[in-house]
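Close look at the chain arrangement
For reference, the chains in residue letters:
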Amino acid sequence: MKVKVVTLTTELQNKGLLKLKYSLDHYGWDYHIIHQDAQSGGHIFGTQMPLVYEYLKELKSNGEYTHVIYTDAWDTFALSNEEEFISKLPLDILFLGSAEKACFPHPELAIQFPNSKNEWKYPNGGGWFSNIKYFISMYDNCPAKGVNDQLWLHERFLHGIKNGDNIKLDTECKIFQT
């Protein structure tokens with residue numbers, strides 16, 4: 001397994017991004033920052049996943065990387081190295097999403113999600129791990145153009161669950177602390 005951390009930002013000098021970079025460097029992570037050309041301070045919902053998808057297609061074509069961790073750029077940081085991260089993963093997982101308490105942006109979807117003993121049971125778009133081929137296939141089957149990134153992730157997660165794919169949420173927050 002070869003993992004690449006990917007994040008996306010509109011501001012390369014954002015203090016949160018600089019802290020993320022510091023933590024990734026500190027723990028020796030291999031990472032890539034996608035710079036989205038947007039107005040300073042702006043966030044363009046519905047445009048992140050297409051950019052991540054395009055980057056992952058390039059990454060897959062070089063054949064070196066098999067998995068990706070996507071993380072928000074301004075409000076996250078690493079607390080361990082790749083070895084510890086991998087040791088906490090469920091076996092043969094295709095997709096592991098960070099979880100949150102709110103079923104945002106469409107709370108009416110909440111009844112479709114699997115039961116959980118924890119309140120952290122809905123996908124959070126700000127942190128996830130995936131097999132690169134799986135993510136590309138997920139996107140190819142339903143492109144995320146013009147849709148809220150987190151809504152797209154909710155819909156793709158529900159589709160994967162219905163398909164019986166080996167995907168999960170980190171409902172116990174052992175890897176992602178949302």
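Okay, so let's go over this structure.

**Comments concerning the overall build of the protein**
Secondary structure assignment for the protein yields 5 helices and 6 strands. Ordered by position in the sequence, the α and β elements of the protein form the string β-α-β-α-β-α-β-β-α-α-β. For the protein, whose C-alpha radius of gyration is 15 Å, the value lies close to the compact-globule estimate of 16 Å for 178 residues. In terms of principal-axis extent, the alpha carbons of the protein reach across some 40 × 35 × 30 Å. Relative to its 178 residues, the protein shows a buried fraction of 46%. Long-range contacts, defined here as pairs at least 24 residues apart, represent 80% of the contacts in the protein between residues at least 6 apart. A total of about 9,500 Å² of accessible surface is found on the protein, and carbon and sulfur atoms cover 51% of it. Looking at the protein, you have 17 positive and 22 negative side-chain charges, and the mean spots of the two groups are 3 Å apart.

**Brief notes about the pattern of salt bridges**
The final tally for this structure, using the stated rule, is 7 salt bridges. Put simply, Lys 101 and Glu 119 hold a salt bridge, and the shortest N to O gap is 3.9 Å. Of this pair, Lys 101 sits in the loop between β4 (95-100) and β5 (122-131) while Glu 119 sits in the loop between β4 and β5, and the two are 18 residues apart along the sequence. Via salt bridges that share partners, Lys 117, Glu 172 and Lys 174 belong to a single interconnected network.

**Brief notes about the side chain of Thr 7**
Within the element layout of this structure, Thr 7 appears in strand β1 (residues 3-9). Among the residues examined, Thr 7 registers a relative accessible area of 3% and is labelled buried. Here Ala 73 takes part through its backbone nitrogen, which lies 3.2 Å from a polar atom of the side chain of Thr 7. Leave out the neighbours within four places in its chain, and Thr 7 touches Leu 17, Leu 20, His 32, Ile 33, Ile 34, Tyr 70, Thr 71, Asp 72 and Ala 73.

**Considering the packing of helix α4 (residues 132-141) against helix α5 (residues 149-163)**
For any two helices packed against each other, one specifies the inter-axial angle together with the distance between the axes. Relative to each other, α4 and α5 sit at 105 degrees, their axes nearing to 11 Å. Between α4 and α5, the crossing angle belongs to the class labelled roughly perpendicular. Of α5, the residues touching α4 (which contributes Tyr 134, Phe 135, Met 138, Tyr 139 and Asn 141) are Trp 152, Arg 156 and Gly 160. For the contact of α4 with α5, the class distribution of residues is 5 nonpolar, 2 polar and 1 charged.

**So, α4**
Taken together, the buried positions of α4 are Ile 132, Tyr 134, Phe 135, Ile 136, Met 138 and Tyr 139. Two to three positions downstream of the cap, the backbone nitrogen of Lys 133 sits 2.8 Å from a side-chain oxygen, assigning the N-cap of α4 to Asn 131.

Cut-off values and rules
Residues numbered from 1 in each chain as written. Predicted model: local features only at pLDDT ≥ 70, side-chain atom pairs only at ≥ 80, totals over all residues. Heavy atoms only, no water. Helix = DSSP H or I, 4+ residues; strand = E, 2+ residues; numbered from the N terminus. Rg over C-alpha atoms; globule rule 2.2 N^0.38 Å. Buried < 20%, exposed > 50% of the residue type's maximum accessible area, 1.4 Å probe, protein only. Contact = heavy atoms within 4.5 Å. Areas by Shrake-Rupley, 256 points an atom, 1.4 Å probe, with all protein chains shown as cover. Lys, Arg positive; Asp, Glu negative; His and termini not counted. Charge placed at Lys NZ, Arg CZ, Asp CG, Glu CD. Salt bridge = Lys/Arg side-chain N within 4 Å of Asp/Glu carboxyl O. Polar contact = N/O pair within 3.5 Å; in protein donor to acceptor, adjacent residues only side chain to side chain. Axes fitted to C-alpha atoms, helices over the stretch in contact; angles between N-to-C directions. Parallel < 35°, antiparallel > 145°, perpendicular 65-115°, else oblique. Nonpolar A, V, L, I, M, F, W, Y, C, P; charged D, E, K, R; others polar.

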